[in-house]
Number of protein chains: 2
Amino acid sequence: MSSSLLSLDFFRDSYEPRIAQLKRERENGMKVVGTFCLYVPDEIIFAAGADRIVLCGGRTDTIPVAEQSLPRNICPLIKSSFGAVVDACCGGDLSCAHVPLVDVAVAEATCDGKKKMYEVLSDYVPTYVLDLPQKPGSPEALEYFLSELRKFAVFMEGLTGHAVTTDALKREIRSANETKRLLHRLFELRMRDPPPIGGSEVLRVMQKQFFLAPDQFRQGVGRLCDELEQVAPAARTGPRIMISGCPMAAGNTKVPDSIEQKGGVIVVEESCTGTRSFWDLVDEEADPWTALAERYLEIPCACMTPNDERIARIVDLAKRYDVRGVVYYTLQFCHAYNIERLRVQQALKREKIPMLAIESDYGDADVEQIGIRIDAFLEMIA
Amino acid sequence: MSSSLLSLDFFRDSYEPRIAQLKRERENGMKVVGTFCLYVPDEIIFAAGADRIVLCGGRTDTIPVAEQSLPRNICPLIKSSFGAVVDACCGGDLSCAHVPLVDVAVAEATCDGKKKMYEVLSDYVPTYVLDLPQKPGSPEALEYFLSELRKFAVFMEGLTGHAVTTDALKREIRSANETKRLLHRLFELRMRDPPPIGGSEVLRVMQKQFFLAPDQFRQGVGRLCDELEQVAPAARTGPRIMISGCPMAAGNTKVPDSIEQKGGVIVVEESCTGTRSFWDLVDEEADPWTALAERYLEIPCACMTPNDERIARIVDLAKRYDVRGVVYYTLQFCHAYNIERLRVQQALKREKIPMLAIESDYGDADVEQIGIRIDAFLEMIA
């Protein structure tokens, strides 16, 4: 469903200006960090005076490069991201222009595939890995993650030469919270029936969250919210759908595109490119380090165990957004989200909310089959 | 290669007596813990006055039961282990007799697949999960793991009603070290050319390590070493092979059987059912808690990052055991070991040691193809 929302032009045209900005920053001695995951706190990166850009890949054309080093039967996001770096470092032209702009990749010990890919990545680009407790519920886990955040800050200070002061950290926490509040505003508008904006459009905005500088992103989202509050929404009469599962990095819009082409109305995404990135704010009153550690450990990622918060959140979102069905999306071979599917299915079943599970890669081979399955699902829940 | 070693009869015939022993123990009020992984310290379990038995599965017939709940495209060990529990809990007769004998499964946050499987497992059997830092090199990681060990001890005390005293812990550390020293004795005998025992035979012994009580296992290994020192070894003239990679749980002997049928001579295994279980001893002079935490974090499992110790150990073992080639074995869809394969391959290439990679499940479908590949590899390195 193509949109006539003028404020989306900014996001659509943001690539070149942002790349030019990063180039200028680097010429002026600013350091740029590449990240892959929500668990790496932007607040610390910005407090140290660096900029950051996402290195997660959603494109399929960098995957063959990656498969020269990595197994084929792992997640396409991992292969695509790795392939983009390798291609760029080897002078290829497949990759986006991000890679040559980063001084360091800051990664995190989340899933097996990413954790181990980062080791190979470090042959191509300097790589810093942040550890994560996998059972985040205890005071000791918080303590351990806090120590990892402090070490990361020291690393960033070494990189930029700027101290990560408490004041700077508080400022960045407030800034990031402001972004999160704006995204809440955007997502609240989607609760309307019909929603004033489609899910594929929102996904393309959300993908810019870690690409643009925070102020640029906020300006864009603010203008978008203003416009959505003023214009009459396009008629969207299909069943209201929630997508839940793995992130959809830039280039990967296959499933939401298909849902909307088939007449479904996506109203919310429980994913890293959806609510997971902004739902919880950082406590601005508490000690900033502890507040950051607590907030980041709250991210309901399936790499954590147990992950009851995610199940509860999915049910909560399904009710708040009055969805008719859930599409559970997983990247192929993503063990964590694929296994957690059972728990999600059981919880939704208790609430009598139907769920369709789709596991896919970045290729086109299954587009038609996915379309047929979505079609059947929408018909069933209509 | 069938053996005439009399001392192996004990291991072969140990199943029924051990199961009967566990039944008697339980009737007398003793608690029994089921474990899946080297990272769960036996020393704490025994110090709390409980017994333990392995719950890892190497059988293929419990997998269809598991696939009713878990994705098909995950590791066969995870599916087999889970299927055995579910089958037993649902009154099936596929599973071994272990499951009804355990009061609790003690699991660990290692790979994505196991970590998430344990959540589902807890619907069938009480499950306790031990967290692990994934970047084990720092003092903070040690501190965190130490806190996990102490919490686990408190849990075990609650289960058994026996305090885990420092004395009891020291006693169990000495006992476990004694086992490790005996295994070093066994593995030193394998350095001989020709080795006095085949790799498939050793694997079947090593699989009993977590099934038998420590004293029984030690008696068996002691008798085996005595016999090996006295009898003339069978003529083994093929190329000396090291297997490196994933564990081979009881029932899973496909690859070593094939290597030896094709004329290879397996002299050492760098795996959880090989050197990884016993190579490093626990420091008996240091504080037992810290010594335990340090030793367990040293286990060179591919779920850790970085994992340079494993690469160094593989090269070291390849030289010590004078191997002609390495068979890199991975369970299907095991991302951690599959991705780490590249680093291992690179390290072995520098040493001019050829490597063959085999990724397989527990089924028979690829037996012939594996045999053909092993045949070609052995011919190449002969």
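That block above? That's the structure.
Residues numbered from 1 in each chain as written. Chains lettered and ligands numbered in written order. Predicted model: local features only at pLDDT ≥ 70, side-chain atom pairs only at ≥ 80, totals over all residues. Heavy atoms only, no water.

Undergrad: Looking at this model, I keep getting lost on the interface of chain A and chain B. Mind explaining?
TA: Each partner contributes to the interface: chain A provides 47 residues, whereas chain B provides 47 residues. Both sides together, the interface formed by chain A and chain B hides about 4000 Å², and carbon and sulfur atoms give 53% of it. Remark: the boundary between chain A and chain B carries eight salt bridges. In this structure, B:Lys116 engages A:Glu340 in a salt bridge whose closest nitrogen and oxygen atoms are separated by 2.4 Å. Across the contact surface, chain A and chain B share 36 residue pairs in polar contact (both at pLDDT 80 or more). Only helix H6 (112–121), strand S4 (127–130), helix H7 (139–160) and helix H14 (335–350) of chain A provide two or more residues apiece to the side of chain A that touches chain B. Per-element tally for the side of chain A that touches chain B: the top contributor is H14(A), with eight residues. For the side of chain A that touches chain B, the per-class residue count stands at 21 nonpolar, 12 polar and 14 charged. (Contact = heavy atoms within 4.5 Å. Buried area = accessible area lost by both parts, 1.4 Å probe. Salt bridge = Lys/Arg side-chain N within 4 Å of Asp/Glu carboxyl O. Polar contact = N/O pair within 3.5 Å; in protein donor to acceptor, adjacent residues only side chain to side chain. Helix = DSSP H or I, 4+ residues; strand = E, 2+ residues; numbered from the N terminus. Nonpolar A, V, L, I, M, F, W, Y, C, P; charged D, E, K, R; others polar.)

Undergrad: What's the story with unusual backbone geometry in this structure? I'm lost.
TA: The general pattern is negative phi for most residues beyond glycine and trans for most peptide bonds. Here A:Thr305 and A:Pro306 are connected by a cis peptide whose omega angle stands at -15°. For the bond from B:Asp193 to B:Pro194, the omega torsion is 0°, close enough to zero to count as cis. Relative to the elements of secondary structure, B:Pro194 occurs in the loop between helix H8 (166–189) and helix H9 (199–206). Of note in this structure, B:Phe333 is not a glycine but carries a positive phi near 70°. Relative to the assigned elements, B:Phe333 resides in the loop between strand S7 (325–331) and helix H14 (335–350). Positive phi values are uncommon outside glycine, yet B:Lys352 reaches one of about 60°. Take B:Lys352: it is sitting in the loop between H14 and strand S8 (355–360).

Undergrad: I tried to follow the packing of helix H8 (residues 166–189) of chain A against helix H10 (residues 214–230) of chain A on my own but got confused; where do I start?
TA: When two helices pack together, their arrangement is given by the angle between their axes and by how far apart the axes lie. All names here are of chain A. Where H8 contacts H10, the two axes come as close as 10 Å, and the packing angle between them is 25°. Judged by the angle between their axes, H8 and H10 are roughly parallel. The two elements H8 and H10 meet at a crossing, and its hand is left-handed. Judged by residue contacts, Ser175, Glu178, Thr179, Leu182, Leu183, Arg185, Leu186 and Leu189 of H8 engage Pro214, Phe217, Arg218, Val221, Gly222, Leu224, Cys225, Asp226, Leu228 and Glu229 from H10. In terms of residue class, the contact of H8 with H10 is made up of 10 nonpolar, three polar and five charged. (Axes fitted to C-alpha atoms, helices over the stretch in contact; angles between N-to-C directions. Parallel < 35°, antiparallel > 145°, perpendicular 65-115°, else oblique. Left-handed = near helix turned anticlockwise from the far one by under 90°.)

Undergrad: Mind showing me how you'd approach the sheet that holds strand S5 (residues 240–245) of chain A here?
TA: What holds strands together in a sheet is hydrogen bonding between their backbones, with the strands either parallel or antiparallel. Residues and elements named next belong to chain A. Taken together, four strands build an open sheet; the order of strands is S6-S5-S7-S8 and the sheet is parallel. In the strand order of this sheet, the two ends are held by strand S6 (265–270) and strand S8 (355–360), each with one partner. For this sheet the average axis-to-axis angle between neighbouring strands, irrespective of direction, equals 25°. Judged from the five bridges that link them, S5 and S6 form a sheet pairing that is parallel. What sits directly across from Arg240, in S6, is Val265. Against the sheet, H14 touches S5, strand S7 (325–331) and S8, its axis set at about 170° to S7. (Pairing = 2+ DSSP bridges.)

Undergrad: I'm lost on helix H5 (residues 76–89) of chain B in this one. Help?
TA: Residues lying three or four places apart along an α-helix face the same way, a consequence of the helix completing one turn every 3.6 residues. Residue and element names in this part refer to chain B. The first and last C-alpha atoms of H5 sit 20 Å apart over 14 residues, in line with the 20 Å expected at 1.5 Å per residue. H5 sits mainly inside the fold: 12 of its 14 residues count as buried. Of the residues making up H5, those classed as buried are Pro76, Leu77, Ile78, Lys79, Ser80, Ser81, Phe82, Gly83, Ala84, Val85, Val86 and Asp87. Lining the buried residues of H5 we find helix H4 (63–66), helix H6 (112–121), S7 and S8. Two residues or fewer after H5 comes Gly91, characterised by a positive phi angle close to 75°. (Expected span 1.5 Å × (residues − 1). Buried < 20%, exposed > 50% of the residue type's maximum accessible area, 1.4 Å probe, protein only.)

Undergrad: How do you make sense of the packing of H14(A) against H6(B) when you look at a structure like this?
TA: Across the interface, H14(A) lies against H6(B) with an axial gap of 8 Å and an inter-helix angle of 10°. Considering their axes alone, H14(A) and H6(B) lie roughly parallel with respect to each other. In contact with A:His335, A:Ala336, A:Ile339, A:Glu340, A:Leu342 and A:Arg343 of H14(A), H6(B) contributes B:Asp112, B:Gly113, B:Lys116, B:Met117, B:Glu119 and B:Val120. When grouped by side-chain class, the residues that make up the contact of H14(A) with H6(B) number five nonpolar, two polar and five charged.

Undergrad: Any chance you could explain the packing of aromatic side chains here in plain terms?
TA: How two aromatic rings sit relative to each other is given by the distance of their centres and the angle of their planes. Taken as a whole and judged by the stated rule, the model has 20 aromatic pairs over all chains. Joined through ring pairs, the aromatic side chains of A:Phe10, A:Phe11 and A:Phe217 make up one cluster. A cation over an aromatic ring shows up here: B:Lys135 above the ring of A:Tyr128, its NZ or CZ 5.4 Å from the ring centre. Just above the ring of B:Phe10 sits the side chain of B:Arg223; from NZ or CZ to the centre is 5.0 Å. (Phe/Tyr/Trp six-rings, centres within 6.5 Å; stacked < 30°, edge-to-face > 60°. Lys NZ or Arg CZ within 6 Å of the ring centre and 35° of its normal.)

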